Amino acid sequence: MKAVIFDLDGVIVFTDKFHYAAWKQMADEMGIYFDEQINNRLRGVSRMESLEIILERYEGEALSAERKAELAEQKNTAYRELLKTMTPADVTDEVRTVLKELRKRGYRLAIGSSSKNAKFILEKVELTDYFDAVSDGTNITNSKPDPEVFLKAAEFLEMDPAECLVVEDAYAGIDAAKSGGMKAAGIGDAFSYEKTDYPIQTFADLLEIMR
Ligand code: B16
Ligand code: MG
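None of these values were measured; they are calculated from a predicted model.

The next subject is the sheet that holds strand S6 (residues 198–199). As summarised here, the arrangement of the six strands in space is S3-S2-S1-S4-S5-S6, forming an open sheet in which the pairing is parallel. Each edge of the open sheet is held by one strand with a lone partner, namely strand S3 (133–135) and S6. One ladder, built from four bridges, connects strand S1 (residues 3–6) with strand S4 (residues 164–168); its direction is parallel. Each residue of the ladder has a partner; that of Ala-3, found in S4, is Cys-164. In the packing of helix H8 (residues 171–179) onto the sheet, the strands contacted are S4 and strand S5 (183–186), and the crossing angle to S5 comes to about 165 degrees.

Turning to the packing of aromatic side chains, a few remarks are in order. Taken as a whole, this structure holds four aromatic pairs when the rule is applied. Plain terms: the ring middles of Phe-6 and Phe-203 are 5.6 Å apart, the flat faces sit at 25 degrees to each other, and that makes the pair stacked. Of this pair, Phe-6 sits in strand S1 while Phe-203 sits in the loop between S6 and helix H9 (206–209), and the two are 197 residues apart along the sequence. Measuring from ring centre to ring centre gives 4.1 Å for Tyr-171 and Tyr-193, while their planes differ by 15 degrees; the resulting arrangement is stacked. Remark: Tyr-193 occurs in the loop between S5 and S6 and Tyr-171 occurs in helix H8; sequence separation between them is 22 residues. Overall, Tyr-171 belongs to the partly exposed group, its relative accessible area being 42%. A relative accessible area of 11% places Tyr-193 in the buried class. Every member of this aromatic cluster is reached through a ring pair, and the members are Phe-6, Phe-131 and Phe-203. Against the face of Tyr-79 rests Lys-75, its NZ or CZ located 4.3 Å from the ring centre.

Analysis parameters
Residues numbered from 1 in each chain as written. Chains lettered and ligands numbered in written order. Predicted model: local features only at pLDDT ≥ 70, side-chain atom pairs only at ≥ 80, totals over all residues. Heavy atoms only, no water. Pairing = 2+ DSSP bridges. Helix = DSSP H or I, 4+ residues; strand = E, 2+ residues; numbered from the N terminus. Contact = heavy atoms within 4.5 Å. Axes fitted to C-alpha atoms, helices over the stretch in contact; angles between N-to-C directions. Phe/Tyr/Trp six-rings, centres within 6.5 Å; stacked < 30°, edge-to-face > 60°. Buried < 20%, exposed > 50% of the residue type's maximum accessible area, 1.4 Å probe, protein only. Lys NZ or Arg CZ within 6 Å of the ring centre and 35° of its normal.

Here it is in structure tokens:
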């Protein structure tokens, strides 16, 4: 393997608490039940698909496509306000050290995130320069478990998918990596997923895989 493609939320940073707070605000206003458990199902899932999951509990009149777009926009505005509070301290020393070491070893590094806010987050935590490429929600039409976001990342890096390791926390992300012909390391939730090639307990375990 010659390159590593990292998922962002749940691997490099932990923005799920902000997603939760922003969706919760929208759900409360709409009178929709929403809790942390439902929020877990939104991991790695696109914004509009996340909205559909939340709307499973909606009991009012059918919503038009325009209204749904409006709700997603309302959530994103609240979410971006929360993202503004992020600083370099939101990335652990372990993550920074491992990224630097992988680069030193000659690996090409990319981000493969479903988020349309990925570049904004990388700027806030001052990680932009650590990556050779960013593939995110702004350059794809199909989100995870479709492999598009990772295939694009490989393309941006000028690598063959078989030369890439994907690091993911979500089942949908592991599925995406595997159907794209890549190897997958699973952290957090994805640690115990049977499709994960390399279960990792901590980020630093990557240094054992990528020798
Ligand atoms: P946005 P990842 C994903 O990021 C999040 O895990 C998921 O909860 C979110 O809905 C999705 O990005 C879209 O985010 O609304 O910012 O475009 O894990 O793929 O880095
Ligand atoms: Mg994730």
